[in-house]
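Okay, here's what each chain looks like letter by letter:
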Amino acid sequence: MCETIKACIAGCAKCILIIINVVALVASVGLIAAGSYVLVEGDEYIPEVGVDTDTTAIALIVIGVLIFMIGCFGCFGAMTGKHGLLNIYLIGLLVIIIIEAAIIIYGFVNKGEVTETITTSISGPFKEVNEKGTSAAEADQVTVDGIQTLAKCCGIDGPDYYTGTAWLVGGKVPASCCKDAAEDAEKCDKADAYEEGCLESSEDMVNSAIELLLYVLLAVVVLQIVCMILAWCSKGGE
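So, here is what we can say about the structure in this document.

About the thresholds
- Numbering of residues starts from 1 in each chain and follows the order in which that chain's sequence is written.
- Only residues with pLDDT of 70 or above have their local features reported here, since the model is predicted, and side-chain atom pairs are shown and tallied only from 80 upward, although totals for entire chains, interfaces and linings are computed over all residues.
- Where side-chain values are given, they derive from all heavy atoms of the structure, hydrogens and water being excluded.
- Criterion for a disulfide: a pair of cysteine sulfur atoms within 2.5 Å.
- Under the scheme used here, helices are H or I runs from DSSP no shorter than 4 residues and strands are E runs no shorter than 2 residues, and both carry numbers assigned from the N terminus.
- Accessible area is worked out with a 1.4 Å probe on protein chains only. A residue is then buried under 20% of its type maximum, exposed over 50%, and partly exposed in between.
- Among buried residues, those of type Ala, Val, Leu, Ile, Met, Phe, Trp, Tyr and Cys that are joined through side-chain atoms within 4.5 Å constitute a nonpolar core.
- We call two residues contacting when some pair of their heavy atoms lies within 4.5 Å.
- Helix span, expected: 1.5 Å multiplied by one less than the number of residues in the helix.
- Read the arc as the range of directions from the helix axis to the C-beta atoms.
- Working definition: a ring pair exists when centres of Phe, Tyr or Trp rings (six-membered ring for Trp) sit within 6.5 Å. Plane angles under 30 degrees give stacked, over 60 give edge-to-face, the rest tilted.
- Think of it as a cone above the ring: NZ of Lys or CZ of Arg counts as a charge over the ring if it is within 6 Å of the ring centre and within 35 degrees of the ring normal.

Here the focus is the state of the cysteines. In a disulfide, the sulfur atoms of two cysteines are held together by a covalent bond. Taken as a whole and judged by the stated rule, the model has three disulfides. Between the sulfur of C154 and that of C177 lies a disulfide, 2.2 Å long from S to S. Classification of the bridge connecting C154 and C177 rests on its S-S torsion, roughly 85°, and on that basis the disulfide is right-handed. One end of the pair, C154, is in the loop between α5 (138-151) and α6 (165-168); the other, C177, is in the loop between β1 (172-174) and β2 (187-189), with 23 residues separating them in the sequence. Take C154: its relative accessible area is 0%, and that puts it in the buried class. Bridging C178 to C188, the disulfide has an S-S length of 1.9 Å. Judged by the torsion about the S-S bond (75°), the C178/C188 disulfide is right-handed. Note that C178 is positioned in the loop between β1 and β2 and C188 in strand β2, a separation of ten residues in sequence. As far as burial versus exposure is concerned, C178 and C188 are alike and both buried. The disulfide pattern of the protein is 1-6, 2-3, 4-5 when the bonded cysteines are numbered in sequence order. We note that C72 lacks a disulfide partner, and the nearest cysteine sulfur, in C75, lies 7.4 Å from it.

If you look at the biggest cluster of nonpolar residues, it comprises 22 residues, and the most contacted ones within it are F126, C154, Y162, V173 and C177. The greatest single-element share of this core, amounting to four residues, is contributed by helix α4 (residues 113-132). Setting aside residues up to four positions removed in sequence, C154 forms contacts with Q148, P159, Y162, V173, C177, A193, Y194, E196, G197 and C198. Ranked by size, the runner-up nonpolar core spans 13 residues in total, among them A78, L86, C227 and L230.

With that settled, the discussion passes to α5. Compared with the 20 Å implied by 1.5 Å per residue over 14 residues, the 20 Å span of α5 between its first and last C-alpha is a close match. Turning to α5, its buried residues are D140, T143, V144, I147, Q148 and A151. Burial along α5 is one-sided: seen end-on, the buried residues are contained in an arc of 120°. Exposed residues lying more than 90 degrees from the buried face of α5 are E138, A139 and V142.

Time to look at helix α3 (residues 83-109). Over its 27 residues, α3 extends 39 Å from the first C-alpha to the last, a length consistent with the 39 Å expected when each residue adds 1.5 Å. Residues L86, Y89, L90, G92, L93, I96, I97, E100, I104 and G107 constitute the buried set of α3.

Attention shifts here to the side chain of N130. In this fold, N130 is placed in helix α4. For N130, a relative accessible area of 10% translates into the label buried. Setting aside residues up to four positions removed in sequence, N130 forms contacts with Y161, Y162, T163, G164 and W167.

The next point concerns the packing of aromatic side chains. Summed over all chains, the structure comprises three aromatic pairs. Between F126 and Y161 the ring centres are 6.3 Å apart and the planes differ by 80°, which places this aromatic pair in the edge-to-face class. Placement of the pair is F126 in helix α4 and Y161 in the loop between α5 and α6, with a sequence separation of 35 residues. For F126, a relative accessible area of 0% translates into the label buried. Over the ring of W167 we find K187, and its NZ or CZ is 5.5 Å from the ring centre.

Rendered as structure tokens:
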């Protein structure tokens, strides 16, 4: 009776482990694809707010490759029942869990540094656009327009940030400050601009993204611990 229950538990553990690892394989391919896309196209769609998109993209690709490799060991180990494959799977999961735990701790501890990084990164372009208006360097205008459009904000601390001579006449701000500005417009009325400043909006946006990633990573760690337990159970039935 006892052996029958053990065999039943081991069989169920194998089935669940196979399903989880198949999902992990699909997810790993998605991570690799997302990382590759950000690496190639990230600069075009993501404004410069002090976040190194290349490093983030490479990290996604590396994590995706690791999950794919370990998922293969888990999947084939569960299907064949070979202890060697399951042992490699367990060791691989343990290493990844340790790395992910370190990333989670580092992320929560250093989240406060985001403000300083963003301030340093966006101050220069905003200053140039404020002082030179539409005559500012194209790179600075692209950065400012990208941030203001994505974060739905205006200026460093609001529309009143634009005090340069290029904006004072007629009470204007860059067109990207206004939701309903014409596509080919360079300026729009300050009265129609977003009220929130871009420093606060950018901080909120990046902090929210970091928190989401950390909580997702935490959920992944919990799932991986469950996988370790399932892998151990499936070995017990042999």
